[in-house]
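Spelled out, the chains give:
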Amino acid sequence: MPTPAMQRNGSRISTEPGLPGADIPSSHSTEALELIKPLLLSMSEAAAVLGVGRTTIYDLVRQGALQSVKIGRRSLVPLEDLNDYVRHLKASSPRH
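Conventions we followed
Residues numbered from 1 in each chain as written. Predicted model: local features only at pLDDT ≥ 70, side-chain atom pairs only at ≥ 80, totals over all residues. Heavy atoms only, no water. Helix = DSSP H or I, 4+ residues; strand = E, 2+ residues; numbered from the N terminus. Buried < 20%, exposed > 50% of the residue type's maximum accessible area, 1.4 Å probe, protein only. Contact = heavy atoms within 4.5 Å. Areas by Shrake-Rupley, 256 points an atom, 1.4 Å probe, with all protein chains shown as cover. Patch = residues over 30% accessible without salt bridge, like charges linked within 9 Å, V, L, I, M, F, W, Y side chains within 5 Å. Salt bridge = Lys/Arg side-chain N within 4 Å of Asp/Glu carboxyl O. Core = buried A, V, L, I, M, F, W, Y, C linked by side-chain atoms within 4.5 Å. Pairing = 2+ DSSP bridges. Axes fitted to C-alpha atoms, helices over the stretch in contact; angles between N-to-C directions.

1. Here we look at the overall build of the protein
Within the protein one finds 4 helices and 6 strands. Going from N to C terminus, the protein has its helices and strands arranged as β-β-β-α-β-α-α-β-β-α. Here the protein holds 96 residues, and 23% of them are scored as buried. Contacts spanning at least 24 positions in sequence make up 33% of the contacts within the protein whose residues lie at least 6 apart. Entry remark: accessible area of the protein is about 7500 Å², with carbon and sulfur atoms responsible for 56%.

Written out as structure tokens, the structure reads:
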């Protein structure tokens, strides 16, 4: 049960202004889930992030430019590897 300093406001719990934790999303809200940065992306999500097709992502994995991990039957690309790949592209591209 919320303390007198807290009030439920929709799916958010707000404390009095100025108190730590003011306006923190509750654990059951979709807003709280949106704050979580995924560690692994599906091949389609990885393709969307890079702005390429799924086939290109599979080719990059096959060539060793990107790593993938398996969870069950799903192949997933670590977000960190996508960031590393883009940094590598930027470093190896000629500057204009």
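2. Looking at a nonpolar patch on the surface
A contiguous nonpolar surface patch, about 360 Å² in accessible area, is contributed by Leu 39, Leu 40, Val 69 and Ile 71. Along the chain, the position of Leu 40 falls in strand 4 (residues 40–42).

3. Topic: the side chain of Ser 42
Assignment of secondary structure puts Ser 42 in strand 4. With a relative accessible area of 14%, Ser 42 lands in the buried category. If we ignore the near neighbours within four places in the chain, the residues touching Ser 42 are Arg 74, Ser 75 and Leu 76.

4. A closer look at the nonpolar core
One broad trend across soluble globular proteins is that nonpolar side chains are buried collectively. In terms of nonpolar packing, the biggest core is built from 11 residues, these being Leu 41, Met 43, Ala 46, Ala 47, Ile 57, Leu 60, Leu 66, Val 77, Leu 79, Leu 82 and Tyr 85. For this core, the secondary-structure elements that each account for two or more residues are helix 2 (43–50), helix 3 (54–63) and helix 4 (79–92). When near neighbours in sequence (up to four residues on either side) are disregarded, Val 77 contacts Leu 39, Leu 40, Leu 41, Met 43, Ala 46, Ile 57, Gln 67 and Leu 82.

5. A word on the sheet that holds strand 5 (residues 69–71)
Read across the open sheet, the 3 strands follow the order 4-6-5; overall the sheet is antiparallel. The open sheet has two free edges, formed respectively by strand 4 and strand 5, since each of these has just one partner strand. Neighbour-to-neighbour, the strand axes of the sheet open up by a mean angle of 50 degrees, direction not taken into account. Two elements, strand 5 and strand 6 (residues 74–78), share 3 bridges in a ladder whose sense is antiparallel. From the neighbouring strand, Lys 70 faces strand 6, where its bridge partner is Ser 75. Those strands touched by helix 2 are strand 4 and strand 6, and its axis lies near 95 degrees from that of strand 4. Sheet contacts for helix 4: strand 4 and strand 6; angle to strand 6, the most-contacted strand, approximately 50 degrees.

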